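Listed below, chain by chain, are the residues.
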Amino acid sequence: GNSVTQMEGPVTLSEEAFLTINCTYTATGYPSLFWYVQYPGEGLQLLLKATKADDKGSNKGFEATYRKETTSFHLEKGSVQVSDSAVYFCALRKDRDDKIIFGKGTRLHILP
Amino acid sequence: SAVISQKPSRDICQRGTSLTIQCQVDSQVTMMFWYRQQPGQSLTLIATANQGSEATYESGFVIDKFPISRPNLTFSTLTVSNMSPEDSSIYLCSVEDRDGSNEQFFGPGTRLTVL
């Protein structure tokens, strides 16, 4: 079945460091891929998405590229801020008749 | 996008009692989803609620424990019945994007603690 695997946390970085959170997926066809972010005490917010191979999703300085050949959708940011401290979830969805599949989440701590 | 609100935002309940969580959306949506997020875990889908029909429950979740109402296209409730400490979780309501994309939008969640 479909699944999402993302790197385990917590990930701790200093402010202005480069961030990569790895995400790989297993699915047939071309699912849509998402990154959601959950700030402390809040619900999930969609951070970015990509719907086809080689698409790049971007938002708030974060980027992720849909790599069909490596079945990956790694999240990157060139210079993190303390306010980026949150839990990040990679997710996929085949189509509107399927349920969304979430990874286990990666907790990110940014130190000032 | 959709704006989703949930009530209550948090609650502390006694074992054996029940809590009803409300989810209100600012636009009409066909499908609404209820998720559970146990401490430090990812999201698990409880059920899908379509207006005018019975909710569809995922494996491991039953209607007696998690009854759901969906009286109209902008509102749903989830009841957590006969609670135990194992039900302590964040419960999230979610809806699909109306424009046909695969996006889902989430409410702020209800943080439930059962003593």
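Residues numbered from 1 in each chain as written. Chains lettered and ligands numbered in written order. Predicted model: local features only at pLDDT ≥ 70, side-chain atom pairs only at ≥ 80, totals over all residues. Heavy atoms only, no water.

A. Examining the overall build of chain B more closely. When helices and strands are counted, chain B shows zero helices and eleven strands. Listing each helix as α and each strand as β along chain B from the N terminus yields β-β-β-β-β-β-β-β-β-β-β. The principal-axis extent of the C-alpha atoms belonging to chain B is close to 40 × 25 × 25 Å. Of all 115 residues assigned to chain B, the portion counted as buried reaches 53%. For chain B, the share of sequence-separated contacts (at least 6 apart) that also reach a separation of at least 24 residues comes to 54%. Of the accessible surface of chain B, which amounts to about 5,400 Å², a share of 47% is contributed by carbon and sulfur atoms. Distance between charge centres in chain B, computed from 8 positive and 11 negative side chains, equals 9 Å. (Helix = DSSP H or I, 4+ residues; strand = E, 2+ residues; numbered from the N terminus. Buried < 20%, exposed > 50% of the residue type's maximum accessible area, 1.4 Å probe, protein only. Contact = heavy atoms within 4.5 Å. Areas by Shrake-Rupley, 256 points an atom, 1.4 Å probe, with all protein chains shown as cover. Lys, Arg positive; Asp, Glu negative; His and termini not counted. Charge placed at Lys NZ, Arg CZ, Asp CG, Glu CD.)

B. Focus on the interface of chain B and chain A. With 21 residues of chain B at the contact, the number on the chain A side is 20 residues. Buried area between chain B and chain A, summed over both chains or domains, comes out near 1,700 Å², and the portion from carbon and sulfur atoms is 46%. Along the contact surface separating chain B from chain A lie three salt bridges. Across the pair lysine 49 of chain A and glutamate 103 of chain B runs a salt bridge whose closest N-O atoms are separated by 2.4 Å. For the pair chain B and chain A, the number of links is seven residue pairs in polar contact (both at pLDDT 80 or more). For the side of chain B that touches chain A, the class distribution of residues is eight nonpolar, eight polar and five charged. (Buried area = accessible area lost by both parts, 1.4 Å probe. Salt bridge = Lys/Arg side-chain N within 4 Å of Asp/Glu carboxyl O. Polar contact = N/O pair within 3.5 Å; in protein donor to acceptor, adjacent residues only side chain to side chain. Nonpolar A, V, L, I, M, F, W, Y, C, P; charged D, E, K, R; others polar.)

C. Spotlight on the sheet that holds strand β7 (residues 56-59) of chain A. Residue and element names in this part refer to chain A. Taking strand neighbours across the sheet as the criterion, the four strands line up as β3-β9-β8-β7 in an open arrangement whose pairing is antiparallel. Whereas interior strands pair on both sides, the edge strands pair on one side only; in this sheet they are β3 (19-21) and β7. On average, each strand axis in the sheet is tilted by 20° relative to the strand beside it, whichever way the strands run. Bridge count for β7 against strand β8 (residues 62-65) is four bridges, and the pairing is antiparallel. For lysine 56, the partnering residue across the bridge sits in β8 and is threonine 65. (Pairing = 2+ DSSP bridges. Axes fitted to C-alpha atoms, helices over the stretch in contact; angles between N-to-C directions.)

D. Layout of the state of the cysteines. The full count for this structure, using the stated rule, is two disulfides over all chains. Across a sulfur-sulfur distance of 1.9 Å, cysteine 23 of chain A and cysteine 90 of chain A are joined as a disulfide pair. Across the disulfide from cysteine 23 of chain A to cysteine 90 of chain A, rotation about the S-S bond amounts to roughly -70°, and the bridge is consequently left-handed. In this pair, cysteine 23 of chain A sits in strand β4 (residues 23-26) while cysteine 90 of chain A sits in strand β10 (residues 86-93), placing the two residues 67 residues apart along the sequence. In this pair, the class of cysteine 23 of chain A matches that of cysteine 90 of chain A, namely buried. Across the disulfide, cysteine 23 of chain B is cross-linked to cysteine 93 of chain B (sulfur-sulfur distance 1.9 Å). For the disulfide bridge between cysteine 23 of chain B and cysteine 93 of chain B, the dihedral angle about the S-S bond is near -70°, and by the sign convention the bridge is left-handed. In this pair, cysteine 23 of chain B is assigned in strand β3 (residues 19-25) and cysteine 93 of chain B in strand β9 (residues 89-96), connecting sequence segments 70 residues apart. (Disulfide = S-S within 2.5 Å.)

E. Region of the structure containing the pattern of salt bridges. Applying the stated criterion to the full structure yields seven salt bridges over all chains. With its nearest N and O atoms 2.8 Å apart, the salt bridge here joins aspartate 84 of chain A to lysine 77 of chain A. Assessed through its relative accessible area of 6%, aspartate 84 of chain A is described here as buried. Classification of lysine 77 of chain A by relative accessible area gives buried; the value is 10%. Where arginine 93 of chain A meets glutamate 96 of chain B, a salt bridge forms, and the shortest distance between an N and an O atom there is 2.2 Å. Of this pair, arginine 93 of chain A sits in strand β10 while glutamate 96 of chain B sits in strand β9, which puts the two residues in different chains. Per residue, the accessibility class of arginine 93 of chain A equals that of glutamate 96 of chain B, and both read buried.

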